[in-house]
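Here is how the chains run, residue by residue.
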Amino acid sequence: MSQRTVVKSDGEPAYRFLGAVVHGVDRALCRLDWRNQDRVPATGGALVVANHISNYDPVALGEYLIHSGRWPRFLGKSDIWKAPVVGYFAKACNQIPVERNTRNAGQALKAAEDALAAGELVVLYPEGTITADPDEWPMTPHSGAARLALASRVPVIPVASWGANHIIPGKKLHLPRFFPRKTLSVIAGDPVDLSDLYDLDNQRLAVKIAGERMMRAITDLLEELRGEVAPEERHDIRKGVRLPRGPVTLGEAPAADGK
């Protein structure tokens, strides 16, 4: 386990306190397998995109990023802000609420874009929810992460995590299961290159390709953590089945999308 910098001194007091508590608990009760922390940009606006496997993986990912030298700002469903304790820290740590299925939902992406422009590190789960894939592989992405990446043009850092799903499995929130002792693995990859898509006339196609590039990068990292090969198809939560993966180059895109 590598560590570039322990918590920066200029972070919010609530975040510093929370990060210290979480790290103390996880270090005592889990094995921490942190890889490639040097891939997290030390300064400047950056978008971290990650797989979502558990209600505990934001804790594991946040801890990893803090000890990589950055204070992450997560986008999370607004219901979290109404929960006791968790809601207090979400607000105190300046996280970004998403009001799903409302006309205000787009405000979260605007807030995230402003944060990136101000040089902050923003974290977004492209899948939008905990994976429903039967083997817990990444699903098809929603468009939000891709649209944010293309609008902001900041470095997009793919991150994969594994192990949090053994501490709080499934989608329901319940007490963590730390025993028998689990391993929390997190790995960051090289930035996802989206530069050829920035000025593409067909922005719908650009978003589709950008989203799939992110998911491919995350999946490749997860394969490394799990020591397994992901399926060739990707689970689509809206249809409840695995479907062929999307294009990652303009040449792979269906002709109808290229109009």
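Residues numbered from 1 in each chain as written. Predicted model: local features only at pLDDT ≥ 70, side-chain atom pairs only at ≥ 80, totals over all residues. Heavy atoms only, no water.

Colleague: How would you sum up the overall build of the chain? Please name residues and give values.
Modeller: Helix and strand counts for the chain come out as seven helices and nine strands. Oriented by its inertia axes, the alpha-carbon framework of the chain measures out at about 55 × 40 × 35 Å. For the chain, the proportion of its 259 residues judged to be buried stands at 50%. Considering only contacts within the chain whose residues lie at least 6 apart along the sequence, 75% involve residues at least 24 apart. As displayed, the chain has an accessible area near 12400 Å², and 55% of this comes from carbon and sulfur atoms. Averaging the locations of the 33 positively and 31 negatively charged side chains of the chain gives two centres separated by 5 Å. (Helix = DSSP H or I, 4+ residues; strand = E, 2+ residues; numbered from the N terminus. Buried < 20%, exposed > 50% of the residue type's maximum accessible area, 1.4 Å probe, protein only. Contact = heavy atoms within 4.5 Å. Areas by Shrake-Rupley, 256 points an atom, 1.4 Å probe, with all protein chains shown as cover. Lys, Arg positive; Asp, Glu negative; His and termini not counted. Charge placed at Lys NZ, Arg CZ, Asp CG, Glu CD.)

Colleague: Explain the side chain of Q37 residue by residue, including any values.
Modeller: With respect to the element layout, Q37 can be found in the loop between β1 (30-35) and β2 (46-50). In this structure Q37 comes out as buried when scored by relative accessible area, which is 1%. A polar atom in the side chain of Q37 sits 3.0 Å from the side chain of S68. (Polar contact = N/O pair within 3.5 Å; in protein donor to acceptor, adjacent residues only side chain to side chain.)

Colleague: Help me get a handle on the environment of L225, residues and values and all.
Modeller: Within the element layout of this structure, L225 appears in helix α7 (residues 203-226). Look at L225 and you get buried, because its relative accessible area is 13%. Taking C-alpha positions, L225 is 7.6 Å from S161, a pair spaced 64 residues apart along the chain. Aside from chain neighbours lying at most four places away, what touches L225 is D33, R35, A160, S161, W162, S185, V186 and I187.

Colleague: So what's going on with helix α1 (residues 13-29)? Which residues, and what values?
Modeller: A rise of 1.5 Å per residue sets the reference length of α1, with its 17 residues, at 24 Å; its end C-alpha atoms lie 24 Å apart and thus fit the reference within 8%. Next to the buried residues of α1 lie β1, α2 (57-66), β3 (72-77), α3 (86-92) and β7 (182-188). (Expected span 1.5 Å × (residues − 1).)

Colleague: Requested: an account of the sheet that holds β7, with residues and values cited.
Modeller: With mixed pairing, the seven strands of this open sheet are ordered in space as β1-β7-β6-β2-β5-β3-β4. The open sheet terminates on both sides in strands that have one partner only, identified here as β1 and β4 (96-98). When the angles between neighbouring strand axes are averaged without regard to direction, this sheet yields 20 degrees. Note that β2 and strand β5 (residues 121-124) share four bridges and pair parallel. When the sheet's bridge partners are listed, V49 is paired in β5 with L124. (Pairing = 2+ DSSP bridges. Axes fitted to C-alpha atoms, helices over the stretch in contact; angles between N-to-C directions.)

Colleague: Break down the packing of aromatic side chains for me, with residues and values.
Modeller: If you walk through the whole model with that rule in mind, you get five aromatic pairs. Ring centres of Y56 and F178 lie 6.0 Å apart, and the angle between their planes is 80 degrees; this geometry places the pair in the edge-to-face category. Of this pair, Y56 sits in the loop between β2 and α2 while F178 sits in the loop between α6 (164-167) and β7; the two residues are 122 residues apart in sequence, bridging distant segments of the chain. Residue class for F178 comes out buried when judged on its relative accessible area of 13%. The ring centre of W137 lies 3.9 Å from the NZ or CZ of R226, which sits over that ring. (Phe/Tyr/Trp six-rings, centres within 6.5 Å; stacked < 30°, edge-to-face > 60°. Lys NZ or Arg CZ within 6 Å of the ring centre and 35° of its normal.)

Colleague: Which residues make up the side chain of S68, and what are the values?
Modeller: Secondary-structure assignment places S68 in the loop between α2 and β3. A distance of 2.8 Å separates the side chain of S68 from the backbone oxygen of Y64, its partner in a polar contact.

Colleague: Can you tell me about helix α5 (residues 144-152), naming the residues and giving the values?
Modeller: Of all nine residues that make up α5, seven are buried, and the element is covered over most of its length. When α5 is considered as a whole, its buried residues turn out to be G144, A145, A146, L148, A149, L150 and S152. For α5, the elements touching its buried residues are β2, α4 (106-117), β5, β6 (156-162) and α7. One or two steps after α5, the chain reaches R153, where phi turns positive at roughly 60 degrees.

Colleague: Would you mind going over the pairing of β2 in detail, with residue names and values included?
Modeller: Counted residue by residue, β2 has five buried out of five residues, so it is predominantly covered. The alternating pattern of β2 places A46, V48 and A50 and L47 and V49 on opposite faces, both of which are buried. Here β2 pairs with β6 via four bridges, running parallel. Paired with A50 across the strands is V159, a residue of β6.

Colleague: Give a description of the packing of α5 against α7 that names residues and reports values.
Modeller: Put simply, α5 and α7 touch, their axes get as near as 8 Å, and they point 110 degrees apart. Our classification of the angle between α5 and α7 gives roughly perpendicular. Residues A145, A146, R147, A149 and L150 of α5 lie in contact with α7, whose contacting residues are Q203, A206, V207, A210, G211 and M214. Among the residues making up the contact of α5 with α7, the classes are represented as eight nonpolar, two polar and one charged. (Parallel < 35°, antiparallel > 145°, perpendicular 65-115°, else oblique. Nonpolar A, V, L, I, M, F, W, Y, C, P; charged D, E, K, R; others polar.)

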